[in-house]
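Listed below, chain by chain, are the residues.
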Amino acid sequence: ARQKPMMARMESTGTISLDSAFAAAFGFAKVSHVTLHFDATRKLVGVRPEADPRAEGAMRLTHRTRVSSVRARAFFESFGMKIERTMRYPIAFDADENLAVIALEGMKRKRGPKLKA
């Protein structure tokens, strides 16, 4: 049986949740903060584990039994993205960049000025 792809959950509140197996496998379970990154052309969100809570843009990563999550509403708003309902998106880990990559297929962008990271 093929392993089902890992998924990240994006809630309508702007929270990004990584399941605990993914968090444990790629070093997120050990850190208290992450930084978020966005590639607008490819519609990818990057989540990087961050050892230093004072790093620029670091956001608190909360750990629960089955998920680790980060509140990212302001991040999404800054790129004009609206999460209308809770959705699951495929997630992969890019070891070269030390980054979890979430592919936002079908995510709608609000009209308005394009913002740079």
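Description of the structure in this document. Just so it is clear, the structure is predicted and the values come from calculations on it, not from any experiment. (Residues numbered from 1 in each chain as written. Predicted model: local features only at pLDDT ≥ 70, side-chain atom pairs only at ≥ 80, totals over all residues. Heavy atoms only, no water.)

1. A closer look at the sheet that holds strand β8 (residues 99-103)
To summarise the sheet geometry, strands pair through backbone hydrogen bonds and adopt either a parallel or an antiparallel arrangement. Stated precisely, the cut-off is as follows: When DSSP locates at least two bridges between a pair of strands, those strands are taken to pair. Secondary structure elements are defined from DSSP: runs of H or I of at least 4 residues count as helices, runs of E of at least 2 residues count as strands, and each element is numbered from the N terminus. To get an axis, a line is fitted to the C-alpha atoms, and for a helix only the part in contact is used. The angle between two axes follows their N-to-C directions and goes from 0 to 180 degrees.
Pairing within the closed barrel is antiparallel, and its eight strands lie in the order β1-β2-β6-β5-β3-β4-β8-β7. Between one strand axis and the next, the sheet turns through 35° on average, direction left out of account. Alignment of strand β4 (residues 44-50) against β8, held across four bridges, turns out to be antiparallel. What sits directly across from G46, in β8, is V101.

2. A word on the nonpolar core
Rule in force here: Here, nonpolar core means buried Ala, Val, Leu, Ile, Met, Phe, Trp, Tyr and Cys residues that are tied together by side-chain atoms lying within 4.5 Å of each other. For the exposure calls, accessible area comes from a 1.4 Å probe over protein chains only, and a residue counts as buried if that area is under 20% of its type's maximum, exposed if over 50%, partly exposed in between. When checking whether two residues touch, look at their non-hydrogen atoms; a contact exists if any pair is within 4.5 Å.
Formed by 26 residues in total, the largest nonpolar core has its most connected members in I16, F28, V45, F76 and I102. Of all the elements in the fold, those that place two or more residues in this core are β1 (7-10), β2 (15-19), α1 (20-25), β3 (33-39), β4, α2 (73-78), β7 (87-94) and β8. Broken down by element, this core gets its largest block of residues, three residues, from β3. The residues touching F28, leaving out its near neighbours within four places in the chain, are L18, F22, A23, V34, V47, R48, P49, L61, H63, F93 and A100.

3. So, the side chain of T15
Condition: As used in this structure description, the phrase polar contact means that two N or O atoms lie within 3.5 Å; if the pair is within protein, one of them must be able to donate a hydrogen and the other to accept it, and residues adjacent in sequence are counted only when both atoms belong to side chains.
The residue T15 is located in strand β2 in this model. Within polar-contact distance, the side chain of T15 engages the side chain of T13 at 3.3 Å. In this view, T15 contacts R9, M10, S69, V70, R71 and A72; residues no more than four positions away in its chain are not counted.

Functional significance is not addressed by these values, which are geometric in nature.
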